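# A structural walkthrough
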Amino acid sequence: MGSKEIKQAGLKVTLPRMKILDMLQHQRGAHFSAEEIYRALIESGEDIGLATVYRVLTQFEASGLVKRHHFESGQSVFEINQGEHHDHILCVDCGRIEEFCDEAIEFRQQEVARQIGFELTDHRLILYGHCTRADCSQSLAENGKEHDPKPEPEKN
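Below: a short report on this structure. (Residues numbered from 1 in each chain as written. Predicted model: local features only at pLDDT ≥ 70, side-chain atom pairs only at ≥ 80, totals over all residues. Heavy atoms only, no water.)

## Remarks on the nonpolar core
Among the nonpolar cores identified, the biggest contains 19 residues, and Ile-20, Leu-24, Ile-37, Val-53, Leu-57 and Phe-60 are the most heavily contacted of them. Those elements giving two or more residues to this core turn out to be helix 2 (15-25), helix 3 (34-43), helix 4 (50-63) and strand 2 (76-80). (Core = buried A, V, L, I, M, F, W, Y, C linked by side-chain atoms within 4.5 Å. Buried < 20%, exposed > 50% of the residue type's maximum accessible area, 1.4 Å probe, protein only. Helix = DSSP H or I, 4+ residues; strand = E, 2+ residues; numbered from the N terminus.)

## Comments concerning the sheet that holds strand 5 (residues 126-129)
Sheet architecture is open: three strands sit in the order 4-3-5, paired in mixed fashion. For this open sheet the edge positions go to strand 4 (97-100) and strand 5, each flanked by a neighbour on one side alone. Strand after strand, the sheet turns through a mean of 20° between neighbouring axes, direction not considered. Bridge count for strand 3 (residues 87-91) against strand 5 is four bridges, and the pairing is parallel. Bridge pairing links Cys-91 to Gly-129 in strand 5. (Pairing = 2+ DSSP bridges. Axes fitted to C-alpha atoms, helices over the stretch in contact; angles between N-to-C directions.)

## Concerning helix 4
Because each turn of an α-helix spans 3.6 residues, side chains separated by three or four positions end up pointing in the same direction. With 14 residues, helix 4 should reach 20 Å at 1.5 Å per residue; the first-to-last C-alpha distance of 20 Å fits that figure. What helix 4 keeps buried is the set Thr-52, Val-53, Val-56, Leu-57 and Phe-60. An end-on view of helix 4 places all buried positions within 130° of arc, on one side of the element. Facing away from the buried side of helix 4, by more than 90 degrees, are the exposed residues Ala-51 and Ala-62. Elements that come into contact with the buried residues of helix 4 comprise helix 1 (3-8), helix 2, helix 3, strand 1 (66-70) and strand 2. Phi turns positive one or two residues past the end of helix 4, at Gly-64, with a value near 90°. (Expected span 1.5 Å × (residues − 1). Arc of directions from axis to C-beta. Contact = heavy atoms within 4.5 Å.)

## Focus: the packing of helix 2 against helix 4
At a closest axis distance of 10 Å, the pairing of helix 2 and helix 4 adopts a crossing angle of 70°. Relative to helix 4, the element helix 2 lies roughly perpendicular. Between helix 2 and helix 4, the residues in contact are Pro-16, Arg-17, Ile-20, Leu-21 and Leu-24 and Thr-52, Val-53, Val-56, Leu-57, Gln-59 and Phe-60, respectively. Residue composition of the contact of helix 2 with helix 4, by class: eight nonpolar, two polar and one charged. (Parallel < 35°, antiparallel > 145°, perpendicular 65-115°, else oblique. Nonpolar A, V, L, I, M, F, W, Y, C, P; charged D, E, K, R; others polar.)

## Examining the pattern of salt bridges
Throughout the structure, instances matching the rule amount to four salt bridges. Among the ionic pairs, Glu-61 bridges to Arg-68, the shortest N-O distance being 2.9 Å. Overall, the relative accessible area of 31% leaves Glu-61 in the partly exposed class. Arg-68 sits in the partly exposed class, given a relative accessible area of 21%. Its salt-bridge partner being Arg-114, residue Glu-111 comes within 2.9 Å of it at the nearest N-O pair. (Salt bridge = Lys/Arg side-chain N within 4 Å of Asp/Glu carboxyl O.)

## As for helix 3
What helix 3 keeps buried is the set Ala-34, Ile-37 and Leu-41. An end-on view of helix 3 places all buried positions within 65° of arc, on one side of the element. Where helix 3 is buried, its residues meet helix 2, helix 4 and strand 2. Of the residues flanking the end of helix 3, it is Gly-45, one or two places downstream, whose phi is positive at about 90°.

So, in structure tokens, the structure goes:
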């Protein structure tokens, strides 16, 4: 994806658009907030303002080049629109987002919709949980230890 796709979307090819598209494209599967994109551009020596980043992302979303997601954190994140459906799982401690696709889940959603008299046109599935990876920064920093997914029994 590059200048051709920007032109096909009806947008003028500009340096900020190319830089933002390049960043999103080369981090396939990654989800970035506008602020994260802005910080990365500044760190790489680019002189692109935060307002420009927001404007470009909004234009890219309107043209279908990127998808915007609103997860529980309240912050929007963006990813390149690959045209393929996938679902997300989000760590509520560190905010890490992983993509997945499971045919059994997809089939079951279609079945449920059919059984109650619906034909699905679109859907989003977001699972929330705690990282079990040792490098989950928030769970380790807050708890001082690895997250134990089992609740401790109540003491009387």
